[in-house]
There are 2 protein chains.
Amino acid sequence: MRRRAIACKLRRRTEIWVLCLNKTFVSADDVAKRAGVSRSAVSRTFTPGASVSEETRQRVMQAAEALGYHVNQLARGLMRSESGIVCLVVSEMDTPYRARLVRALTHELQLAGKISMLINTDRSDGSVDTALRQTLHYRADASILLSGLPDKAITKLCLDSGQRIVLINRDDEIEGPFRINLDDGVAARVAVSAFLRAGCRRLAFANSAVGTPSLMAREQGFVAAARDFGLDVTVVRHGNTVYESGRTIGRTLFSGLEPPDAVFCVNDLMAFGLMDAARHEFGRRIPDDLCVVGFDDIEQSGWSSYALTTFTQPVDEIVRNSIAWLVNGDASSRSAFLHAPLIWRKTIRGTRRNG
Amino acid sequence: MRRRAIACKLRRRTEIWVLCLNKTFVSADDVAKRAGVSRSAVSRTFTPGASVSEETRQRVMQAAEALGYHVNQLARGLMRSESGIVCLVVSEMDTPYRARLVRALTHELQLAGKISMLINTDRSDGSVDTALRQTLHYRADASILLSGLPDKAITKLCLDSGQRIVLINRDDEIEGPFRINLDDGVAARVAVSAFLRAGCRRLAFANSAVGTPSLMAREQGFVAAARDFGLDVTVVRHGNTVYESGRTIGRTLFSGLEPPDAVFCVNDLMAFGLMDAARHEFGRRIPDDLCVVGFDDIEQSGWSSYALTTFTQPVDEIVRNSIAWLVNGDASSRSAFLHAPLIWRKTIRGTRRNG
DNA sequence: CGCCATTTTGCAAGCGTGTGCAAAACTTTC
DNA sequence: GAAAGTTTTGCACACGCTTGCAAAATGGCG
């Protein structure tokens, strides 16, 4: 065990380096010395699959325990080709769906022996770029991008530095990343037929103005499916994909001349906003006067004030697919296309059918 | 620029090491060579405050740009006493309040030039311990614990390895960490007087069975304040601090003989559950028949289905305090005691007064 | 016991960086 | 133009670890 000198600059003209003997760290050398073996033996003891005799391993482990030794991953990452770090790039990560995904990813990564670094891409003021570069500096093995925000240049930057990349619900046309997407089109079709079976005829689609591919896919799928049945759809796009936007859209729709009797909201949060506007400001009863479907199946959808019928994000599957590709390195498959089943609650009239 | 050899073991009896020339990394040496200077010069160029002539700096920067050089933080962390890594220890991080806190912390840490590692402490099956050790391996400069779960032993482990520690709403009696707490007692007192002013007399407190100090402080404060006014409080503790528990408690309270006309819920989520039970299962009107106050002021509290009057967590202040202590190293102050003001919405009768 | 095959071990050379030290280059002053 | 002062530079060691290689130890077998 060796005391490490920490240097502290004084502010006077002459710069004096002071030794503050306050931090103690244990290195493999210390353990080796105590166990009476070479440093290599210590290293091998902590390297799965390396060749060490049982006796040596025991002695090393004992010494390590006694001294409180931890392998220094920074140093290990320097030698090995992998650092064990996986970087999660997220914007608006306090959104229920995103938060759930981050939690699940982090948990599963931990089980796989990886550690997750969190990058927040909220502001586009350059701090994002800084932070991402920061990650590159840590030689992350991989990045998982759940955010709509960071642009292709960044994806490319990560790729170039040798990272594996997983894109969740994005579609950057870059060769290399593993893509996970949902069958948004199918879901939209299911929504339309559910509305029709409930006897709805004046359909509307509430979208944000963000224009993310997956959001647009839902919109286009819904419009197309409705057209197949000879119905038009009122499409409204507004603001961000949040509660407040849904509320605004609700006000627009229900103060119009031909208010809809069924709305597919691109997102649960927007559905809540729209429902609240419809109920509390326009006296609509749900599902009697109005049917609503959302997307994501966040926790709040189960709350009895909403009881929202919605498509559920297969979070577990998304996570499993991501980690499997990252860890097991099955570089053959380049994308996964997952199904989002409809969860029936109380915002569509009539009985459920398999959909 | 040097090609790095990546070793891949084949599965045949004889282990053959194959060279896959696929990853390119740029080191300071490469940059030095190209710029025609020593490696030290490169290092100093990327070290703020180091002594380099303007001319050299220019040449280095140019070469670095051309080659796409990034300082390797792993190596830097090895030399310097600090790694730039801050570890966030969180359980149930998809809970609205926690998610918001994590987002804010991450964002602010980024601005301070730090990077955050996320540790999930949900299961107590040992994976937590593994993950935390993992972090120690990365020589994190600091840890911020927002979780109720990890026990004192872990806190101590982090401290011993030289980390700075911030405890948010916890109270491990260990010397060293920086503690941030709210004036839960004051809030409880404010709640009581708000209820009294609204004419409520049958008070109840809805708590979880978790028993976290801050939650207990709210309960005790509420009971004490009520007693000062000569009132008893029905206290119910159940389950986790979540929606479902609030609902269960609601059912218990309103199917009892003396149902309350005012409930202080230890947490917004529980308040929602309780409100939903009261309204949809017992036909209570809020705030006419029942007044409710929550704690946290999460996003959902502003939704018009709830419009919950609640105490707001001063997230920004919490974050500012944490980061300031971590970064500027003001080791003098050992704790912060923050105020949680009441946000008036529509779950308490009558007009607002300053409280 | 001696020979060969196998496992275990220590040595030493890296990995990419920071930084004290002394030499070199430059600047100022007389 | 030389001496003294200041800034810049390169060398070389350190950080804590992994791992190829060859030497040492171990085991098997006749």
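The present account deals with the structure reproduced in this document.

Conventions and cut-offs
Residues numbered from 1 in each chain as written. Chains lettered and ligands numbered in written order. Predicted model: local features only at pLDDT ≥ 70, side-chain atom pairs only at ≥ 80, totals over all residues. Heavy atoms only, no water. Near = heavy atom within 4 Å. Polar contact = N/O pair within 3.5 Å; in protein donor to acceptor, adjacent residues only side chain to side chain. Helix = DSSP H or I, 4+ residues; strand = E, 2+ residues; numbered from the N terminus. Nonpolar A, V, L, I, M, F, W, Y, C, P; charged D, E, K, R; others polar. Buried < 20%, exposed > 50% of the residue type's maximum accessible area, 1.4 Å probe, protein only. Pairing = 2+ DSSP bridges. Right-handed = clockwise from strand over helix to strand, strands pointing away. Axes fitted to C-alpha atoms, helices over the stretch in contact; angles between N-to-C directions.

1. Here we look at the protein's contact with DNA strand D
- Around DNA strand D, the surrounding shell holds 29 residues, and the nearest of these are Ala28(A), Arg39(A), Ser43(A), Arg76(A) and Thr56(B).
- Protein-adjacent atoms of DNA strand D, using a 4 Å cutoff, are sugar or phosphate at a proportion of 58%.
- Here a phosphate oxygen of DNA strand D and a side-chain polar atom of Ser43(A) are 2.3 Å apart.
- Elements with a contribution of two residues or more to the surface near DNA strand D: strand E1 (2-9), helix H2 (39-45) and helix H4 (73-79) of chain A together with helix H2 (39-45) and helix H4 (73-79) of chain B.
- Grouping the amino acids of the surface near DNA strand D by side-chain chemistry returns ten nonpolar, eleven polar and eight charged.

2. What about the pairing of strand E11 (residues 291-296) of chain A?
Residues and elements named next belong to chain A.
- Burial analysis of E11 places six of its six residues in the buried class, the great majority of the element.
- Taken together, the three bridges between strand E10 (residues 262-265) and E11 define a ladder with parallel strand orientation. Following the sheet pairing, Val-263 is matched in E11 by Val-292.
- The handedness of the E10 to E11 crossover, carried by helix H11 (residues 268-282), is right-handed.
- Taken together, the four bridges between E11 and strand E12 (residues 309-312) define a ladder with parallel strand orientation. Note that in E12 the partner of Asp-296 across the bridge is Thr-312.

3. Some words on the protein's contact with DNA strand C
- Contacts to DNA strand C come from 29 residues, most closely from Thr56(A), Met79(A), Ala28(B), Ser43(B) and Arg76(B).
- Between a base oxygen of DNA strand C and a side-chain N or O atom of Arg39(B), the distance comes to 2.8 Å.
- Put simply, the parts of the chain that give the surface near DNA strand C at least two residues each are H2 and H4 of chain A together with strand E1 (2-9), H2 and H4 of chain B.
- The residue inventory of the surface near DNA strand C, partitioned by class, reads eleven nonpolar, eleven polar and seven charged.

4. Structural notes on the sheet that holds strand E5 (residues 142-145) of chain B
- Here twelve strands make up an open sheet; going across it, the order is E13(A)-E7(A)-E6(A)-E5(A)-E3(A)-E4(A)-E4(B)-E3(B)-E5(B)-E6(B)-E7(B)-E13(B) and the pairing mixed. Here the strands that pair on one side only, and so sit at the sheet edges, are strand E13 (335-338) of chain A together with strand E13 (335-338) of chain B. The mean inter-strand angle of the sheet, taken between neighbouring strand axes irrespective of direction, is 20°.
- With four bridges connecting them, strand E5 (residues 142-145) of chain A and strand E6 (residues 164-168) of chain A associate as parallel partners.

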